[in-house]
Amino acid sequence: MSSLILAFLGERDEATYGEITEQVRRMRPDVRAENCARDLGRLVQRGTLMRPRTGVYRRVPTESEPMKD
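These numbers come from a predicted model, not from an experiment.

Asks: Let's hear about the pattern of salt bridges: which residues, and what values?
Replies: The final tally for this structure, using the stated rule, is eight salt bridges. Residues E34 and R32 are paired through a salt bridge, measuring 3.2 Å at the closest nitrogen-oxygen approach. Between D39 and R42 there is a salt bridge, and its shortest N-O distance comes to 4.0 Å. Of this pair, D39 and R42 both sit in helix α3 (residues 33-46), separated by three residues, roughly a single helical turn. What makes D39 buried here is its relative accessible area of 7%.

This is the structure in structure tokens:
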């Protein structure tokens with residue numbers, strides 16, 4: 001599921017928790033919101049995602065990508 005989340009966030013600057021879970025459910029109807037929340041938390045802990053504001057997620061840019069404002 002992490003790959004779905006990262007692919008979705010790769011197409012936009014940032015997304016809300018609701019937008020992310022809605023997209024994941026479209027791709028994988030069997031996924032529960034709690035599982036999506038768990039994966040988002042893991043991605044933040046690993047430094048792959050950041051939370052610029054409560055309920056909003058953004059990919060952490062790699063060294064070769066410029067940081068988006």
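Asks: Kindly report on the pairing of strand β2 (residues 49-53), identifying the contributing residues and their values.
Replies: Of the pairings in the sheet, the one linking β2 to strand β3 (residues 56-59) comprises three bridges and is antiparallel in character. Directly across from R53, in β3, lies its bridge partner V56. The turn joining β2 and β3, which pair antiparallel and follow one another in sequence, is formed by two residues; a positive phi near 80 degrees is taken by G55.

The rules we used
Residues numbered from 1 in each chain as written. Predicted model: local features only at pLDDT ≥ 70, side-chain atom pairs only at ≥ 80, totals over all residues. Heavy atoms only, no water. Salt bridge = Lys/Arg side-chain N within 4 Å of Asp/Glu carboxyl O. Helix = DSSP H or I, 4+ residues; strand = E, 2+ residues; numbered from the N terminus. Buried < 20%, exposed > 50% of the residue type's maximum accessible area, 1.4 Å probe, protein only. Pairing = 2+ DSSP bridges.

On their own, these measurements won't tell you what the molecule is for.
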